[in-house]
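One letter stands for each residue in the lines below.
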Amino acid sequence: MAGKPVRPVNAIDQTRRMLSLVTYLRERPGARIEDVARAFGITEDELVSDLDVLPMCGTSFRGGDLLDIDTDGERIWWHNPAALGAEAAEPLRLAADEATALLVAARAVATLPGLRESDRQALLRATAKVETAAGEAAGASSRLSVTFESEGGVFADVDRAIAERRRLWIRYYSPARDEVTEREIDPIRLVSVGHTYVEAWCRRSEARRTFRLDRVAEIRILDEPSAPPEIELRDLSEGLVQPAAEDPEVVVEVGPGGRWVAEYYPHDSADELPDGGLRITLRTPDPASLKRLALRLGRDGRIVEPRELADSARQAAREALAAYDGVEAAG
């Protein structure tokens, strides 16, 4: 299905859309997928993704309380709309452990840097109501606290920048090059594929780039508006990088210090080696580009196959070493 030009989207926007979707579908039994997608300004794939989540929502996790919504590929059917009707409404009763978990989580989220002030105030008001309703059960929550790691703050800043359509300045660490770079980016969307990433238009490279949040060393929201060019959303369900089946196969063996390669590069397999390293099989349209990886790894890894590439990488390493020795001698 063809993609649409990218719109800034974040988790809060998606939640609001899904809440509106519930009301919309309740009033329109058997609505056509293409009509609903057009009404909400999203692709049919995005709508189907929302529909996959809705059956996990409801007034409780007891049988019959979850939303029974499905689709036959053309129309959307809601089989138990009464689950949210007035006749199904019951006072919400939280057990002591549920109240404690909810309050601790709410207070932690309220401390996130970058959270919009209106959202923070709404969360604090809701927290106060839960405390009142929970009574003595809320006492334990005051003795517990949660601190988010730095990625939480980065996530909040990126989420805010997307919502407010503002540019970001970041300092970003690239393990493949072992360097930290500064760049300005126009964030497009947050995605989760094993880790959480921001897909953005990078003003340094003037191209679409994807940045992993836990590798952002520093971040600032700028006053400049975010204005990424109109580009199509990529399907990232199979990973950020998706080599073609016909791409040449490369085998790399790394020691314990090079295990990050399996995390950074999409691969077909990663087999454990006796020394704690990995034998990694991957595909790439340009095997020669991996010579830089071999130089970066040094003693922590080597290219095994194809033989021509392995020989070329060894030659490049010898030339680099000779150049280094020449500089040392001149000094």
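If you're wondering where the values come from, they're calculated on a predicted model, not measured in any experiment.

Engineer: What's the story with the packing of aromatic side chains in this structure? I'm lost.
Structural biologist: For any pair of aromatic rings, the description rests on two quantities: the centre-to-centre distance and the angle between the ring planes. If you walk through the whole model with that rule in mind, you get 1 aromatic pair. Aromatic pair Tyr172 and Phe211: ring centres 5.0 Å apart, planes at 80°, arrangement edge-to-face. Separated by 39 residues along the polypeptide, Tyr172 in strand β3 (residues 166-174) and Phe211 in strand β6 (residues 207-212) bring together distant segments of the chain. Neither Tyr172 nor Phe211 differs from the other in exposure class; each is buried.

Engineer: Quick question: what am I supposed to make of helix α2 (residues 33-40) here?
Structural biologist: Every α-helical turn comprises 3.6 residues, leaving residues that sit three or four positions apart pointing alike. Among the residues of α2, those classed as buried are Ile33, Val36 and Ala37. Buried residues of α2 fall within an arc of 100° about the axis and therefore sit on the same side. α2 presents Arg38 and Ala39 as exposed residues on the side facing more than 90 degrees away from its buried surface. Backbone geometry just after α2 places Gly41 at a positive phi near 70°.

Engineer: How should I be thinking about the sheet that holds strand β8 (residues 249-254) in this particular structure?
Structural biologist: Strands pair in a sheet through their backbones, by hydrogen bonds, and they do so in one of two ways: parallel or antiparallel. The strand order β9-β10-β8-β11 describes an open sheet built from 4 strands, whose pairing is antiparallel. If you trace the sheet from one side to the other, it starts and ends with β9 (269-272) and β11 (301-305), each paired once. When the angles between neighbouring strand axes are averaged without regard to direction, this sheet yields 20°. Sheet topology note: the β9/strand β10 (residues 278-283) ladder contains 4 bridges and is antiparallel. Each residue of the ladder has a partner; that of Ser269, found in β10, is Thr281.

Engineer: Explain unusual backbone geometry to me, please; I cannot follow it from the model alone.
Structural biologist: Most peptide bonds are trans, and most residues other than glycine sit at a negative phi. Cis rather than trans, the peptide bond between Glu305 and Pro306 has omega equal to 0°. Within the secondary structure, Pro306 is located in the loop between β11 and α9 (307-330). Positive phi values are uncommon outside glycine, yet Arg165 reaches one of about 55°. Along the chain, Arg165 turns up in the loop between α6 (150-164) and β3. Residue Glu206 is not a glycine yet carries a positive backbone phi of 50°. Of note, Glu206 is situated in the loop between β5 (195-202) and β6. A relative accessible area of 46% means that Glu206 is categorised as partly exposed.

What counts as what
Residues numbered from 1 in each chain as written. Predicted model: local features only at pLDDT ≥ 70, side-chain atom pairs only at ≥ 80, totals over all residues. Heavy atoms only, no water. Phe/Tyr/Trp six-rings, centres within 6.5 Å; stacked < 30°, edge-to-face > 60°. Helix = DSSP H or I, 4+ residues; strand = E, 2+ residues; numbered from the N terminus. Buried < 20%, exposed > 50% of the residue type's maximum accessible area, 1.4 Å probe, protein only. Arc of directions from axis to C-beta. Pairing = 2+ DSSP bridges. Axes fitted to C-alpha atoms, helices over the stretch in contact; angles between N-to-C directions.

Function cannot be read off these values alone, since they describe shape.
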